[in-house]
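Overview (structure and organization)
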Amino acid sequence: MIIFPAVDLQGGKAVRLHRGLADQSTVYNDDPVAAALHWQMQGAEWLHLIDLDGAFQGKSVNAKLVSEISAALDIPIELGGGVRDEDAARMWFDAGVERLIIGTMALEKPEEYARLCKLFPGKIGVSLDAVDGRLKTRGWVADAGLTIDDVLPRLVGDGTAFIIYTDITRDGTQSGVNLPMLTHLATVSPVPVVAAGGVATLDDIKALYPLSVEANLQGAISGRAIYEGTLDLPEAMAWIKAQRA
């Protein structure tokens, strides 16, 4: 089980949002490169980057910054936010990103999404972001009119390499994970699932861990909790390692 520290980019800074709202952000570091290096030094195995500017504006202004982060790190990076065409995907891979997370395109332009999966096999994942089981797109502001079970078979058939499930109402709230939904998804999904939204303490990691053994959970993303210290990243990683021993 992997814990993915999250660095969200907005206005050249590392921030965290509350329930995905663009106007409710907290700046955690004026230097996202330093933030990324900090989590690598804490023992992170992956870094989770979200380009909030790209997600809300549909076009990124952070290519140079992501290239700097990639050059500074030894660990792989996954990135999402505003990746809505092949040119954007190629830009991020050229910037050193290991795998991409697609949201809006996967739900609104399925043929283009399938083509992207074929162009970059094993590198494209989908972000399924939901409120009460209903999927959202366009930076969580548009209702897709679909549920996860509606789209999962098609996404897997398209070549999706992994799934990130975010419970939007819990994102940035440190209110705990949506264990029933994650249990369902990790059980039925033939591709790895990553949990996001609500990871608050070591207890959440302990609750999720069995799904990494008995089902198809790859890990969990944590942002506000590791920045504010309610989840200690080295402690959590040490606990996971102890379970493997």
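Refer to the structure above for everything that follows.
Attention in this report is confined to the structure presented alongside it. (Residues numbered from 1 in each chain as written. Predicted model: local features only at pLDDT ≥ 70, side-chain atom pairs only at ≥ 80, totals over all residues. Heavy atoms only, no water.)

Okay, the packing of aromatic side chains next. Note on aromatic pairs: each is described by the distance of the centres and the angle between the planes. According to the stated counting rule, one finds 4 aromatic pairs in the structure shown. Considering the side-chain rings of Phe4 and Trp46, the 6.0 Å spacing of their centres and the 45° angle between planes classify their relative orientation as tilted. One end of the pair, Phe4, is in strand β1 (residues 2–10); the other, Trp46, is in the loop between α1 (32–41) and β4 (47–51), and 42 residues separate them in sequence. Side by side, Phe4 and Trp46 carry an identical accessibility label, which is buried. Considering the side-chain rings of Phe93 and Phe120, the 4.8 Å spacing of their centres and the 40° angle between planes classify their relative orientation as tilted. Separated by 27 residues along the polypeptide, Phe93 in helix α4 (residues 86–94) and Phe120 in the loop between α6 (110–119) and β7 (124–131) bring together distant segments of the chain. Here Phe120 falls in the buried class, since its relative accessible area comes to 13%. Directly above the aromatic system of Trp46 lies the positively charged group of Arg99, at a separation of 4.7 Å from the ring centroid. Geometry around Phe162 places Arg99 over its ring, the cationic atom sitting 3.7 Å from the centre. (Phe/Tyr/Trp six-rings, centres within 6.5 Å; stacked < 30°, edge-to-face > 60°. Helix = DSSP H or I, 4+ residues; strand = E, 2+ residues; numbered from the N terminus. Buried < 20%, exposed > 50% of the residue type's maximum accessible area, 1.4 Å probe, protein only. Lys NZ or Arg CZ within 6 Å of the ring centre and 35° of its normal.)

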